[in-house]
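An overview of the molecular structure
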Amino acid sequence: MPERIIIHVDMNSYFASVEQQANPTLRGRPLGVCAYLHPRGCIIAASVEAKTMGVKVGMTLQEAREICPQTVFVQNDPTKYRAVTSRLFKILHGLSDTIEHYSIDEAFVDLTGWARDPAEAAFLASRVKYRLTNEVGDWLRCSVGIAPTRFLAKFASERQKPDGLTIVNAENLDDHLSRVELEDLCGIGPRIHRRLKRAGIRTPLELKYHPIGNLMRILGKNGFYWWSRLRALECETLSLGDALPKSVGHSYCVPDRVNREGNVEGVLTKLAERAGRRLRAYGMLAESISVAVGFRNSHEYVGDWSRFEQPVNDSFSIVRQTSRLLHGLRKNEPVSFLAVTLGELSLPTGQMRLGDLEDGSQKAATTNTQERFHSSLFALRESGDIRVSKSVDSIRDRYGDSSIVFGRMFRLGDEAPDRIGFRKIVGSGYEG
Ligand SMILES: [Mg+2]
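Now for a look at the structure at hand.

Here is what the cut-offs are and how they apply
Residues numbered from 1 in each chain as written. Predicted model: local features only at pLDDT ≥ 70, side-chain atom pairs only at ≥ 80, totals over all residues. Heavy atoms only, no water. Helix = DSSP H or I, 4+ residues; strand = E, 2+ residues; numbered from the N terminus. Expected span 1.5 Å × (residues − 1). Buried < 20%, exposed > 50% of the residue type's maximum accessible area, 1.4 Å probe, protein only. Donors = N, O, S within 2.8 Å, 3.2 Å for Na, K, Ca; no water. Pairing = 2+ DSSP bridges. Axes fitted to C-alpha atoms, helices over the stretch in contact; angles between N-to-C directions. 1 Å grid on protein atoms, 1.4 Å probe; cavity = no way out; pocket = protein on both sides within 12 Å on 5 of 7 lines; lining within 4 Å. Points joined across faces, edges and corners; volume = space filled by probe spheres on them. Nonpolar A, V, L, I, M, F, W, Y, C, P; charged D, E, K, R; others polar. Parallel < 35°, antiparallel > 145°, perpendicular 65-115°, else oblique. Contact = heavy atoms within 4.5 Å.

**Considerations on helix H13 (residues 264-281)**
With 18 residues, H13 should reach 26 Å at 1.5 Å per residue; the first-to-last C-alpha distance of 26 Å fits that figure. Counting buried residues in H13 gives 16 out of 18 residues, a clear majority hidden from the surface. Gly-283 lies just past H13 and shows a positive phi near 70°.

See the structure below:
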C-alpha cells in the first residue's frame, strides 16, 4: 500500500486577518477581535501584530489595552468569516474528494492517490496558498502541514506560522519532536501531561521511545494511540459524513425593547432567514420547520411545527411558514425568547455531497459524468425563489448582512446579531 499523504491547512490569525482584509486601514496594526466591545469583553482573535506585542487570545479588552495601548478592537462578524471559509474550502475541494472541515479555519485533505508523493503534495499546497492570496484575499495566509497521518499533518502545520509549509515524515519526525514540548502535541492536556511527568516522561521523544506496555499501563488504550501517532501509524481517519447537520436553527433571547418597538416578527424573520442561508450554504433542503416562543410574564414556552409541501431552501418559503406558525402561537403578552429550526434535512440528489455546496452545477463529488450532468440540470431547474435567495446571499457575502433585507426586518438595526462558536465546526447544528 502506498504511504498516505494527508495535508492540514490552518489559516493564520484567522478572524483578525479577515477583518484586516476587509478594512485596509487595519492592516499592519495590532488588532483584537472581540465577542463584545466592552472593557471586560474577551478577545477571541488577535492579529499577528497584536500577538507580537504580547496580546493574547482570552484577554479582556482592558488587559490588552494595558499591554498595548494602540490596539484597535472590532466586534466579531461571523458572516464575514464563514464567507471566506467557504471560498477557501471550495479551493480545497478541487484537490481531492476526501476532505474534513475541521473548524472554521482548518481542514484536512487526504491526497493519497491525488498526489504521487509529498513533494507533489507540497506543490499542490503552494498552489492553494497562491490561490488563497490571489482569489480570496491578499492579506490572508495559511500554514500547511504534509504528513503520512492526520495527527502528524496537524503537527506539521503548527511547526511554522505564519505562512508555513512543512513536510513531516518518518525520517525528520524525531528532529521535529526534539524541538517541541509535550504540551505542544495536540491532545496532551494537563491530565495526561501530569501522568506522563509522574512516570518520568518529560519530552515528546521520551514519549515516543517509551516501551508500549508501560505506556498502556500509564494511559490505558490512549497509551497505544500515542505510541502509534508518534510512529507515523494511522489511528485516526478523516471524519467526513457526519459533517452534514441534521438540523439548522437560530434562537434569540428577546430584549424588552423589541416588544416595545413592535419588532418581534422582524426578529423571527431574521432568525428564519439566517437559518435558510446556512441551509443553502450546505446545499441542503429542509422538509420541516419548527418555531418556539417564550413569554415574558407567564414564563411559558410554546412551540409548533409544520411540514413543507416539498423540501425547500429558499428564504420566501421559510419566512412565510415561520410567520404562519408565529401567528398561531402568539398571545397578547411580551415575548422573551424566539427560536426557528429547520429539520428533516436532505441533499437534493442522493449522490451530491458537501463539496457541491452552494451550487449543483459545480464540480460535484459524484462518481461519473452522467450524475454530474444531472446535478447541473437540477441547478438549471431551480425556481425563481431559490435563485433570488442565492443572489441575496452573494450580495450579503460581498456587502454585509444589512445590505439587503426583508421589508419587515427594516427597522431592526443590530437586533439579534450573528454569533459564532469559537473552534466549532463550520456552522454545525444550533447556534445562538
Ligand atoms: Mg488557525
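**Digging into the coordination of the magnesium ion**
Within the protein, the magnesium ion binds to Asp-10 (OD), Met-11 (O) and Asp-105 (OD); these donor distances fall in the range 2.2 to 2.3 Å. Sequence positions of the residues that donate to the magnesium ion give the spacing D-M-x93-D. Exposure class is identical for Asp-10 and Met-11. Each is buried.

**So, the sheet that holds strand S1 (residues 6-11)**
With mixed pairing, five strands are arranged side by side in an open sheet as S5-S6-S1-S7-S8. Each having just a single partner strand, strand S5 (99-103) and strand S8 (165-167) make up the two edges of the open sheet. When strand polarity is set aside, the average angle formed by the axes of neighbouring strands in this sheet is 15°. With four bridges connecting them, S5 and strand S6 (residues 106-110) associate as antiparallel partners. Paired with Glu-100 across the bridge in S6 is Phe-108.

**Digging into the layout of surface pockets**
Counted as a void, the second largest pocket has a volume near 540 Å³. Lining the second largest pocket are 23 residues, and of these Met-11, Ser-13, Tyr-14, Lys-51 and Asp-105 sit closest to its centre. Its residues placed into classes, the lining of the second largest pocket shows eleven nonpolar, four polar and eight charged.

**A look at the packing of helix H1 (residues 14-22) against helix H4 (residues 78-93)**
It is at 10 Å that the axes of H1 and H4 come closest, and there the two elements cross at 95°. The orientation of H1 with respect to H4, classified from their angle, is roughly perpendicular. In this structure, H1 contributes Tyr-14, Phe-15, Val-18, Glu-19 and Ala-22 to the contact, and H4 contributes Lys-80, Tyr-81, Val-84 and Thr-85.

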